[in-house]
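Spelled out, the chains give:
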Amino acid sequence: MVRLTIDNKAIEVTDGVTTILKAAEKAHISIPTLCYHEKLTPIGSCRLCLVEVNQNSKSGIVTACNYPVADGMVITTNSEKVINLRKMAVELLLAQCPQSEIIQQLARQLGVKHTRFAVKTQDCILCQRCFKACHEIVGANAIEFTTKCLNLGTDEASIGIDAEKCIGCGSCTYVCPTAAITLSDVGDKRFLTLTSPKAQRIEFTLKQCKKCGFYWAPEKQLAFICETTGQPAEIFDLCPDCRD
Amino acid sequence: MDKVIFSSWQGNIVDNRGLAPGKYAPVNNIELPHEYDSCQTHAFMSWDGFVVLDDTVNIIDMAQAYLNEAQKICCGECSAGYVGIRLMAETLDKILDGKGKQEDIDLLRCLGDGIRENAKCVFGRAVPIPVLDTMKYFQDDYLRLIKQTEKAVRTNYISRITAPCMEACPAHQDVPDYIELIKNYHNTDSLALIRKTNVLPGICGRTCVAFCESKCTRANLDAPLSIRALKRFPADIEATSGNIPAPAKIKKAKQKVAVIGAGPAGLAAGYNLALIGYKVTIYDELPAAGGTALSGIPSYRLPREVIEREVELVQGMGVKFEFNTKIGKNLTLDKLFSKGFEVVFIATGANKGTEMNIVAKGSRYDGLVDGISFLYDVNVGKGVVARDKVMVVGGGNVAIDCARTCIRTGFKDVTIIYRRSRAEMPARKEEVEDAEKEGVKINFLANPVKVLAENGKVTGAQCIRMELGEPDAGGRRRPIPLTGSEFIIKADMLITATGEKPDLSFITGEKSVRVTEQGTIEADLYNGRTSQTAIFAGGDCVTGPATIIEAIAAGNKAAKSIDQYLQTRTFDQTGDRLMSQIVEKLNLTQQRDELFVAQNQRHIPEQIPAPGRTQSFAEVEKVFTAESAISETMRCLRCYRVLLLATSNKNGH
């Protein structure tokens, strides 16, 4: 049991609640998030969930999604300082991806009408959700997150897809908050499209259900599932609807 | 320091503007030379403020250049750092180009405040600090720039990007970035980055003393990162994958360079010279490469195949090896030059054991051996036959290696005798503990004074108790013998591991180099130059017994200056040396904004349990699991520091 205070509200959380964000959720205190996804390791890249923490007579600004709770911690989620920093954080996101609906919506909630910065229009904000999903949930390890590295000559951070490893499952498109990665099925083909930082389009062949004729999943994904679970390939001859 | 016009270093403002030079207040928290060689320094800017020495510098231009440098290492892990710092640099650029408006200044301040509080890493949060200082204390300069429409004159600066761990490492390895690459599953890239400054990651990932860890910012918060173990992780992944790394691109240079000694210094120099295209031949008296890593480090700490693999990589770069060749016997220094080598790099190490004053000079006993020879016999030589009771004299890593090797070769009773106490032991703490877990006993505050023998065979030693007196020049408390405390220890073997020194008997002839009173080669630690123009030296033969990473660093530096010498016949490194002198006096972990970081436990790699492991020479420490490696990388605070220096040539350039 951990006892802490959030916005002057005394809260007790059980050992399963490990982060400030989760503790705030329990107390029905809302903290804006963007890169956070409950199924993924917290990333802390968007900086929107920042809060002010007082602990052991020290204080600091931390991201709620990945900062661990501790007994006696005093957290402020809505001070003027916190609000102003959040506004700046959302302005920086707007400066990268002004057309994103979710970012516009977050900006409106925080009272930011527009960004004062020169806008660099792109879809990807390097939140890394797709990268984490591909490695932590899917296990295909196809999405690469490359950071800038001076001594290797990498002068730009980017998200990229290793077409060979990608199984076309679409988990990345599901978690992408800004639609930088999208998916479309046309006939027996699936297209996975990454718009930025570098444009990429990968084509997959879809498997047809032997009964209803529906093109229901990428062959590569089904092969991947067979390989990782040891199931025979025949179980995917039929789509889930026709199977029972 | 005196004669400073303005300083905001660490947030302590000293503002002497408008005062007569005689009335200047001093600056006490930073030391910068006004002059260095042909260089005159004008201003310095870094993570915790800036210092202005004269009025020749446009501080806003400097702030912009500082942000440009900082941008090079804005990794992309958070938008505050990646986007925010770029926007700050662009805004300052606009102001300097005469296109700035008042609102740009407000925007810059807002950005700076936001990044300082909310960037993800220590580096990102510190970047705006000196820029915000310029805005606060040089407001008039900004207003003047806003009013004018013409472009300001832009200048070049000397810069260095470093970090506490990088600066502590003799080879200045780019630790934060290679850790970051591991975190993002780019193990191959991480290894490629490590190899830029360290050609022996598998060896160092197991045996390095890790100066980096002692300076890690986290050491003051909870525990330093396990940097050494993290380095081993990508190296082992590559090794188990069986992939041979693609040889790095070779540039075009044609001259022949001879390297004497295939230890860490020689291998590092050879690899880096081969990268530039030089035809390198490495000579060694041993039958294989590795130097002290091979002959001195037991395989339970460093398996032989790890050395072989890393040597193969050097070979793959086209470096030739001539083994079983002792320079000085058939081949002399002079002969190397007549064979067409234009430069010789001496890296012969320090592998001669020092004699203890416990026997009559020159007399030999069965069972009396120095540590270096003992380890040589076990690792590459004729092997040793275990006896019952052995006494190892000394408190360094060689003594520990000898003792643990004795345990594994079947000695029944292994005791280390050390003249100081545990706290003064120069051996790595973990190694001492490991030895004790394996059954090694340590007799502190005692020293042998005389070998006891029967029929030329060691039976023990007469020893004396010691107490600790005043600290000596090295800072360790001096051991003083306690009169009348003599006692006898029985032993079948006595191993003296009380220091090593270089064997310089090959330094003869026309091309000989100057040697110091300590019996080491006199050479510039910065570039390896000796008293002979075409002879360079580095590693233990210059420093005396030191560490593998120091030897690698010496090899790297020598390769760089050998290249500079062969291409230009010059050795100009003034800017670099000046920067090093400044960095040396800075505490890179200190900063005005207090760190607020959650405690996070250090991961350490697993070991084979102690009782079983002494039965063989199997490697004791395991490699990190992927899970522990990734969790450990998350602990890195990424404390990069950008240093910028405004200088000019005194001769008016």
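Residues numbered from 1 in each chain as written. Chains lettered and ligands numbered in written order. Predicted model: local features only at pLDDT ≥ 70, side-chain atom pairs only at ≥ 80, totals over all residues.

### Let's talk about the confidence of the model for chain B
Part 1: The pLDDT averaged across chain B works out to 94; a share of 100% of its residues lies at or above 70.
Part 2: Model confidence for the complex is summarised by a pTM of 0.95, with the ipTM given as 0.95. (pLDDT = per-residue confidence, 0-100.)

### Quick look at the interface of chain A and chain B
Part 1: Contacts between chain A and chain B engage 34 residues on the former and 34 residues on the latter.
Part 2: Of all the secondary-structure elements, those providing two or more residues to the side of chain A that touches chain B are β4 (58-63) and α2 (80-96) of chain A.
Part 3: Ranked by residue count, the leading element in the side of chain A that touches chain B is α2(A), at seven residues.
Part 4: In the side of chain A that touches chain B, the residues fall into 21 nonpolar, nine polar and four charged. (Contact = placed C-beta atoms within 7 Å. Helix = DSSP H or I, 4+ residues; strand = E, 2+ residues; numbered from the N terminus. Nonpolar A, V, L, I, M, F, W, Y, C, P; charged D, E, K, R; others polar.)

### Details of helix α1 (residues 59-71) of chain B
Part 1: Between its first and last C-alpha atoms α1(B) spans 18 Å; for 13 residues at 1.5 Å apiece the expected length is 18 Å, and the two agree.
Part 2: Regarding α1(B), the residues found buried are I59(B), I60(B), D61(B), M62(B), A63(B), Q64(B), A65(B), Y66(B), L67(B), E69(B), A70(B) and Q71(B). (Expected span 1.5 Å × (residues − 1). Buried ≥ 20, exposed ≤ 12 C-beta atoms within 10 Å, placed from the backbone.)

### Looking at the nonpolar core
All names here are of chain B.
Part 1: Judged by nonpolar contacts, the single largest core of 221 residues is most densely connected at A43, V51, M62 and F345.
Part 2: The residues contacting A43, other than those within four sequence positions of it, are F50, V51, V52, L53, V57, I59, M62 and A646.
Part 3: Counting residues in hydrophobic clusters, the runner-up holds 41 residues, among them L375, V378, A461 and M493. (Core = buried A, V, L, I, M, F, W, Y, C linked by C-beta atoms within 7 Å.)

### Details of the sheet that holds strand β9 (residues 189-194) of chain A
Residue and element names in this part refer to chain A.
Part 1: If you walk across this open sheet you meet the four strands as β8-β9-β10-β11, and the pairing is antiparallel. What marks the edges here is a single partner per strand, and that holds for β8 (181-186) and β11 (215-218). For this sheet the average axis-to-axis angle between neighbouring strands, irrespective of direction, equals 30 degrees.
Part 2: Pairing between β9 and strand β10 (residues 200-208): six bridges, direction antiparallel. Paired with R190 across the strands is F204, a residue of β10.
Part 3: Its contacts with the sheet put helix α6 (residues 219-229) on β10 and β11, and the angle it makes with β11 is roughly 60 degrees. (Pairing = 2+ DSSP bridges. Axes fitted to C-alpha atoms, helices over the stretch in contact; angles between N-to-C directions.)

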